[in-house]
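# Chains, contacts and geometry: an overview
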Amino acid sequence: MARASAADRLTEHYAGASELPACTVLSGDEILLLTEAADAYRAAAVRLGCVERTHLVMDARSDWGTALAASQNSSLFGDLRLLEISLPTGKPGKTGADTLQKLAAMAGEGQLPDVRILIRLPQLDRTTQQAKWVQTLKSRAAWTDIPSIPRTALTDWIAARLERQQHTADAETLAWLADKVEGNLLAAHQELQKLALLHPAGPLSLEQVQAAVLNVARYNLYDLRDAMLLGQADRALTVLRGLQAEGEALPLVLWAIGEEIRILARLAPHARSSLDAAMRSQRLFGAREKLARQALARVPASAWPPALRHAHEIDRIIKGIPVDGLLRDPWDELERLVMRVATAGSPRR
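- Under an unreviewed UniProt entry, the name given to the protein chain is DNA polymerase III subunit delta, and the source organism is Castellaniella ginsengisoli.
- Of the protein chain, the UniProt comment under Catalytic activity (unreviewed entry) reads exactly: "DNA(n) + a 2'-deoxyribonucleoside 5'-triphosphate = DNA(n+1) + diphosphate".
- Within the UniProt record for the protein chain, the comment given under Sequence similarities (unreviewed entry) is "Belongs to the DNA polymerase HolA subunit family."

## A look at the overall build of the protein chain
- Counting its regular elements, the protein chain contains 17 helices and 7 strands.
- Relative to the compact-globule value of 20 Å for 349 residues, the protein chain shows a C-alpha radius of gyration of 21 Å, a close match.
- Considering only C-alpha atoms, the protein chain reaches an extent of 55 × 55 × 40 Å along its principal axes.
- Classification of the 349 residues of the protein chain by burial places 49% in the buried group.

## Let's talk about the pattern of salt bridges
- Following the criterion strictly, the structure yields 24 salt bridges and no others.
- The residue Asp179 makes a salt bridge to Arg151 at a minimum N-O spacing of 2.2 Å. Of this pair, Asp179 sits in helix H8 (residues 171-181) while Arg151 sits in the loop between strand S5 (142-145) and helix H7 (154-164), and the two are 28 residues apart along the sequence.
- Residue Asp276 is joined to Arg293 by a salt bridge in which the shortest nitrogen-to-oxygen separation is 2.4 Å. Taken as a pair, Asp276 in helix H14 (residues 272-281) and Arg293 in helix H15 (residues 286-298) lie far apart in primary sequence, 17 residues in all.
- Using a relative accessible area of 29% as the deciding quantity, one classes Arg293 as partly exposed.
- A network of salt bridges, in which partner residues are shared, links Asp39, Arg42, Arg53, Glu84 and Arg120.

## Re the environment of Leu186
- Within the secondary structure, Leu186 is located in helix H9 (residues 185-198).
- Remark: the alpha-carbon pair of Leu186 and Ala97, spanning 89 residues in sequence, is separated by 31 Å.
- Beyond its immediate stretch of four places on either side in the chain, Leu186 contacts Leu32, Leu252, Trp255 and Ala256.

## Some thoughts on the packing of helix H13 (residues 250-267) against helix H16 (residues 304-318)
- The interhelical angle for the contact between H13 and H16, taken along N-to-C directions, is 160 degrees, at an axis separation of 9 Å. By the angle class used here, H13 and H16 are roughly antiparallel. The handedness of the crossing between H13 and H16 is left-handed. Seen from H13, the contacting residues are Leu250, Pro251, Leu254, Gly258, Ile261, Arg262, Leu264 and Ala265; seen from H16, they are Trp304, Ala307, Leu308, Ala311, Ile314, Asp315 and Ile318.

## Some remarks on the pairing of strand S4 (residues 115-121)
- With 7 of 7 residues buried, S4 is to be regarded as a mostly interior element.
- Both faces of S4 are covered, namely the face carrying Val115, Ile117, Ile119 and Leu121 and the face carrying Arg116, Leu118 and Arg120.
- Strand direction decides the pairing type here: strand S1 (residues 23-27) and S4, joined by 5 bridges, are parallel. The partner of Leu26 across the bridge, within S4, is Arg120.
- Where strand S3 (residues 80-86) meets S4, 6 bridges bridge the pair, whose relative direction is parallel. Paired with Ser86 across the two strands is Arg120, which belongs to S4.
- Handedness of the β-α-β unit built from S3, helix H4 (residues 93-108) and S4 comes out right-handed.

## A few points about the packing of aromatic side chains
- Across all of its chains, the model carries 1 aromatic pair by this definition.
- Across from the ring centre of Trp143, 5.1 Å away, lies the NZ or CZ of Lys138, which sits over that ring.

## Digging into the packing of helix H1 (residues 6-16) against helix H2 (residues 31-47)
- Following both chains from N to C, one finds H1 and H2 inclined at 5 degrees, their axes separated by 8 Å at the closest point. Between H1 and H2, the crossing angle belongs to the class labelled roughly parallel. Contacts from Ala7, Leu10, Thr11, Tyr14, Ala15 and Gly16 in H1 reach Leu33, Glu36, Ala37, Ala40, Tyr41, Ala44 and Arg47 in H2.
- Split by residue class, the contact of H1 with H2 holds 9 nonpolar, 2 polar and 2 charged.

Thresholds, definitions, all that
Residues numbered from 1 in each chain as written. Predicted model: local features only at pLDDT ≥ 70, side-chain atom pairs only at ≥ 80, totals over all residues. Heavy atoms only, no water. UniProt positions renumbered as here; feature names shortened; annotations may be inferred. Helix = DSSP H or I, 4+ residues; strand = E, 2+ residues; numbered from the N terminus. Rg over C-alpha atoms; globule rule 2.2 N^0.38 Å. Buried < 20%, exposed > 50% of the residue type's maximum accessible area, 1.4 Å probe, protein only. Salt bridge = Lys/Arg side-chain N within 4 Å of Asp/Glu carboxyl O. Contact = heavy atoms within 4.5 Å. Axes fitted to C-alpha atoms, helices over the stretch in contact; angles between N-to-C directions. Parallel < 35°, antiparallel > 145°, perpendicular 65-115°, else oblique. Left-handed = near helix turned anticlockwise from the far one by under 90°. Pairing = 2+ DSSP bridges. Right-handed = clockwise from strand over helix to strand, strands pointing away. Phe/Tyr/Trp six-rings, centres within 6.5 Å; stacked < 30°, edge-to-face > 60°. Lys NZ or Arg CZ within 6 Å of the ring centre and 35° of its normal. Nonpolar A, V, L, I, M, F, W, Y, C, P; charged D, E, K, R; others polar.

This is the structure in structure tokens:
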């Protein structure tokens, strides 16, 4: 039996939890693992009687008073409520830092008995980890770092995911699949889901896996990623519309785009001398590294943070939360985001 990852053990813990801490922090850079952990937490909250959820996507410029207000809106019948705060940049600003500390203190002292707080953070850099607000959260909240899956452990992770869907594969097949997805867990997740649809439970041969991965639909997420990063706007738009027509899951498409934008937003501030090390830290190698370098050379560094915020706003639209200034249809707004990245840095006609 393949060894479960720390992220998988966390989701299993939530599945059997009889209580949730008053304040929980999930921190990590692997969007698939962080999303799955948050989904498991929410499912546990619902199972334990949570009937209302407020989700706020915040940064240093946000109105943090809304977070405090949301914590105070008590239910008429004393039902459990979930307040979820996502901080994609990991930089709350002074007001945000003070608010997070206050919320953690109130929750820890039992002042919010009918509220459960979930805070989602990226993996914080060493300097930010020393900040007072982080230290307060670590002492007052149930803080869990969700580690990324290193390349050396990717075959074990794939094997564990295959076992979850009642499939097995030999070492050669696992290694081939790990190489094919280039360390991208989101891509691996997509391929494993495809295998679950194509084949019944049991062992999978190398030939079966290769046929499923290589003989894909006309359009795939890799094509969309490549066209967007290479600045091939027309191609990117064609692939995106093709994915929509073929019934690809919208959240999965957004994850794939958002993951690339998130990584590039983190890389953009690095000077040329430190970019190599930054690439290694983000686990970019081979073809993905080349694509990233081309995109960073074409797109101004200042364009990445707004694009990342745009991706988070589309996530809100998918969840049914209207966003001022954005289209109601998330597929249409996703087209805007893809074109935003694909055309950035291009000369005006």
